[in-house]
Amino acid sequence: MKQFYMMDTRDILQQADDFAEAFKRCSKGENPRKDEFNRICADIVSIPAIVNAAFSCELYFKSMLKQPWGHKLKDLFEQLDIETQLQLKSEFDTNFTKHPVYNFDFFLNDISNAFIEWRYVFEEPHTEGFYGCYINEFLMFFNCFLPIVKRIAHERFTAR
């Protein structure tokens, strides 16, 4: 297991903010390209959006931990103090559209290893291609969750 040196939380937060901004830009649909008819189109670049959001969440979680361990979001979330866990889950559940299947626990479990899995999504055999892997749902999750975890991580840093 890799030993962590004394981490500067401010540096972790700044890097997390950069990856959150990359997610925002990738998911906004402001990525111009020319189509086959030479028209300018603006696309959402979904896979880079998900990868950047997952890594940003990982860094925000790590900024709130004294000795972060691992890369899986679910594992890092479970290392947070109970108060922070409840606040993150409660705010997400309040802000996310109610759905019988897609709730915080569903997403946390499914996105836990998103940073690794989505970087190499082409390697996985999916009958419907990578679009069958909850791509829209993950984008919706991160659009809702990322601002919450960002705010709480910054609040925890300021309170230290």
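Everything that follows concerns the structure shown earlier in this document.
Residues numbered from 1 in each chain as written. Predicted model: local features only at pLDDT ≥ 70, side-chain atom pairs only at ≥ 80, totals over all residues. Heavy atoms only, no water.

Draft legend 1. Layout of the nonpolar core. Of all hydrophobic cores here, the largest spans 47 residues; its most connected members are Phe 61, Leu 88, Phe 92, Trp 118, Phe 142, Phe 145 and Val 149. Mapped onto this core, the elements with two or more residues apiece are α1 (9–27), α2 (46–63), α3 (73–79), α4 (82–95), α5 (104–111), α6 (114–119) and α7 (135–159). For this core, the element with the most residues is α7, which contributes 12 residues. Leave out the neighbours within four places in its chain, and Phe 145 touches Cys 57, Phe 61, Leu 88, Phe 92 and Phe 104. (Core = buried A, V, L, I, M, F, W, Y, C linked by side-chain atoms within 4.5 Å. Buried < 20%, exposed > 50% of the residue type's maximum accessible area, 1.4 Å probe, protein only. Helix = DSSP H or I, 4+ residues; strand = E, 2+ residues; numbered from the N terminus. Contact = heavy atoms within 4.5 Å.)

Draft legend 2. Region of the structure containing the packing of α2 against α7. Two elements in contact, α2 and α7, have axes whose closest approach is 9 Å; the angle formed by their N-to-C orientations is 30°. What the angle tells us is that α2 and α7 run roughly parallel. As α2 runs across α7, the sense of the crossing is left-handed. Judged by residue contacts, Ser 46, Ala 49, Ile 50, Ala 53, Ala 54, Ser 56, Cys 57, Tyr 60, Phe 61 and Ser 63 of α2 engage Ile 135, Phe 138, Leu 139, Phe 142, Phe 145, Leu 146, Val 149, Lys 150, Ala 153 and His 154 from α7. Across the contact of α2 with α7, the residue classes break down as 15 nonpolar, four polar and one charged. (Axes fitted to C-alpha atoms, helices over the stretch in contact; angles between N-to-C directions. Parallel < 35°, antiparallel > 145°, perpendicular 65-115°, else oblique. Left-handed = near helix turned anticlockwise from the far one by under 90°. Nonpolar A, V, L, I, M, F, W, Y, C, P; charged D, E, K, R; others polar.)

Draft legend 3. Representation of the side chain of Asp 17 within the structure. Positionally, Asp 17 belongs in helix α1. An unpaired buried charge is present at Asp 17: no salt bridge exists, and Lys 150, the closest side chain of opposite charge, is 4.2 Å distant. In this structure Asp 17 touches Tyr 60, Lys 150 and His 154, once residues within four positions along its chain are discounted. (Lys, Arg positive; Asp, Glu negative; His and termini not counted. Salt bridge = Lys/Arg side-chain N within 4 Å of Asp/Glu carboxyl O.)

Draft legend 4. Fine view of the packing of aromatic side chains. Tallying each qualifying case throughout the model produces 19 aromatic pairs. Between the aromatic rings of Phe 61 and Phe 77, the centroid separation amounts to 6.1 Å while the plane-to-plane angle is 55°, which identifies the pairing as tilted. In this pair, Phe 61 sits in helix α2 while Phe 77 sits in helix α3, placing the two residues 16 residues apart along the sequence. Given a relative accessible area of 1%, Phe 61 falls into the buried group. For the ring pair Phe 77 and Phe 104, a centre distance of 5.2 Å and an interplane angle of 55° mean the geometry is tilted. Here Phe 104 lies in helix α5 and Phe 77 lies in helix α3, a separation of 27 residues in the sequence. Classification of Phe 104 by relative accessible area gives buried; the value is 0%. Through a chain of ring-to-ring contacts, the aromatic side chains of Phe 23, Phe 61, Phe 77, Phe 92, Phe 96, Phe 104, Phe 106, Phe 107, Phe 138, Phe 141, Phe 142 and Phe 145 assemble into a single cluster. (Phe/Tyr/Trp six-rings, centres within 6.5 Å; stacked < 30°, edge-to-face > 60°.)

Function cannot be inferred from these measures alone, as they are strictly geometric.
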